[in-house]
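An overview of the molecular structure
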Amino acid sequence: SGREHTPGNFTGAEGLLRNLAELPSGASLAAKPPQTPILLDWQQQFSCGVDLFKQRQLLLAEKCFAAALVLAQQSSAGSTQQGSTLSSLSAVLLEQGRIAEAERAAVAGVNTFRQCGAGNCEFGLAKGIQNLALIYRQQNRRFEAEKLLTEALGLYKRLGGRTPAAEVLNTLGWLELDRNR
C-alpha cells in the first residue's frame, strides 16, 4: 500500500515545495512579458504564497495564491502565471489534505500550460506534470503517476533541466518502492 497524506507527511508535498521555489523565476518560465501593474501585483501575491507555504502557513498561502490567480486571469500574458499559480495552489491544497481540490487545481494548471504552446511554457508544463504525478502518487494512482513522470522527464531532458530530471527519477524510484510493498 502507498503512503497516505496526513499533515506533516511530506511524501508528496516535499517535491511540490521544491517545485514551488522554481516556478516564479522568469528565466525558468516562458519569455518574460512586459512588467505591467497587474503582473507586478501577481508576482507579489505569488511570492507571498511561496513564502507562506515554506513557513507552513497554509491558509494564508492559499489566500495569496487565490489572489495571484485572479490577477493572472486578468493579465493578457497570463498563461504562464495561471499555470504556475494553479500548480502552486495544488501544493497548498494537498498539504492541507484537500486532495480532490489539489488534483483539480493541478489538472487545470497542466491544461493551461498545454494550451500555452510548445516553447512558451514547456518548463512550467514539466513542473506542472511533475506536481500532478505527485498528487497521483498520494492517491495510489501509480500507473498514471508513472506515465506523467515519464512525460515530465522527457520534457526536462529536451530542455536541459538536469536537477529537475533527477527529482523525477527519484520520484520514479519511490513509485517502484511503493509498488513492491
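Look above for the structure.
Residues numbered from 1 in each chain as written. Predicted model: local features only at pLDDT ≥ 70, side-chain atom pairs only at ≥ 80, totals over all residues. Heavy atoms only, no water.

1. Details of the nonpolar core
Rule in force here: Definition used in this section: a nonpolar core is a set of buried Ala, Val, Leu, Ile, Met, Phe, Trp, Tyr and Cys residues joined via side-chain atoms within 4.5 Å. Burial status follows relative accessibility: with a 1.4 Å probe on protein chains alone, a residue under 20% of its type maximum counts as buried, one over 50% as exposed, and anything between as partly exposed. To qualify as a helix, a DSSP run of H or I must reach at least 4 residues; to qualify as a strand, a run of E must reach at least 2; elements of each kind are numbered from the N terminus.
Core analysis: the biggest nonpolar cluster contains 43 residues, and W42, I129 and Y156 have the highest contact counts within it. Those elements giving two or more residues to this core turn out to be α2 (37-54), α3 (58-74), α4 (78-95), α5 (99-116), α6 (122-138), α7 (142-159) and α8 (162-179). It is α6 that contributes the most residues to this core, 8 residues altogether.

2. Brief notes about the state of the cysteines
The condition is simple: Disulfides are defined as pairs of cysteine sulfur atoms found within 2.5 Å of each other.
Under the counting rule described, the total for this entry stands at 2 disulfides. What pairs with C48 in a disulfide is C64, and their sulfur atoms sit 2.0 Å apart. With C48 in helix α2 and C64 in helix α3, this residue pair connects regions lying 16 residues apart in the sequence. If you count the bonded cysteines of the protein from the N-terminus, they pair up as 1-2, 3-4.

3. Observations regarding the packing of α5 against α6
Axes are the key here: two packed helices are described by the angle between their axes and the distance separating the axes. The line we're drawing: Orientation is described by axes fitted as lines to C-alpha atoms, over the contacting stretch for helices, and by angles from 0 to 180 degrees between their N-to-C directions. We call two directions roughly parallel when the angle between them is under 35 degrees, roughly antiparallel when it is over 145, roughly perpendicular when it lies between 65 and 115, and oblique otherwise. The hand of a helix crossing depends on one turn: near helix anticlockwise from the far one by less than a right angle means left-handed, and clockwise means right-handed. A contact between two residues is defined here by any heavy atoms of the two lying within 4.5 Å. Here the nonpolar group is Ala, Val, Leu, Ile, Met, Phe, Trp, Tyr, Cys and Pro; Asp, Glu, Lys and Arg are the charged ones; every other residue, Gly included, is treated as polar.
Direction vectors running N to C along α5 and α6 enclose 155°, while the axes themselves pass 9 Å from each other. Classified by the interaxial angle, the pair formed by α5 and α6 is roughly antiparallel. For the crossing formed where α5 meets α6, the hand is left-handed. Touching I99, A102, E103, A106, V107, V110, F113 and R114 of α5 are G124, L125, G128, I129, L132, I135 and Y136, all from α6. Looking at side-chain class alone, the contact of α5 with α6 contains 11 nonpolar, 2 polar and 2 charged residues.

4. Considerations on unusual backbone geometry
Residue R56 is not a glycine yet carries a positive backbone phi of 65°. Counting through the fold element by element, R56 comes out in the loop between α2 and α3. One non-glycine residue, N140, lies in the positive phi region at around 60°. For N140, the position within the fold is in the loop between α6 and α7. Classification of N140 by relative accessible area gives partly exposed; the value is 36%.

5. Describing the packing of aromatic side chains
Applied cut-off: Whether two aromatic rings pair depends on their centres lying within 6.5 Å, for rings of Phe, Tyr and Trp, where Trp uses its six-membered ring; planes under 30 degrees apart make the pair stacked, over 60 edge-to-face, and the rest tilted. Put simply, a charge is over a ring when the Lys NZ or the Arg CZ is close to the ring centre, within 6 Å, and near the line of the ring normal, within 35 degrees.
Counting across every chain of the model gives 3 aromatic pairs. Here the aromatic residues W42, F46 and F65 are joined through ring pairs into a cluster of three or more. Above the ring of F53, the side-chain terminus of R56 is found at 5.2 Å from the ring centroid. Over the aromatic face of Y136 sits the side chain of R141, whose NZ or CZ is 3.9 Å from the ring centroid.

6. Some words on the pattern of salt bridges
Applicable threshold: The rule for a salt bridge is simple: a side-chain nitrogen of Lys or Arg has to be within 4 Å of a carboxyl oxygen of Asp or Glu.
Per the counting criterion, the structure on display carries 7 salt bridges. Close ionic contact of E95 with R56 constitutes a salt bridge, the shortest N to O distance being 2.7 Å. In this pair, E95 sits in helix α4 while R56 sits in the loop between α2 and α3, placing the two residues 39 residues apart along the sequence. The salt bridge partner of E151 is R114, with a shortest N-O separation of 2.8 Å.

7. What about α5?
Condition: Helices are assigned an expected span. That span is 1.5 Å times one less than the residue count.
Given a rise of 1.5 Å per residue, 18 residues ought to cover 26 Å, and the 26 Å separating the end C-alpha atoms of α5 matches this to within 8%. Within the sequence span of α5, burial applies to A102, E103, A105, A106, G109, V110, T112, F113 and C116. Count one or two residues on from α5 and you reach G117, which has phi positive near 105°.

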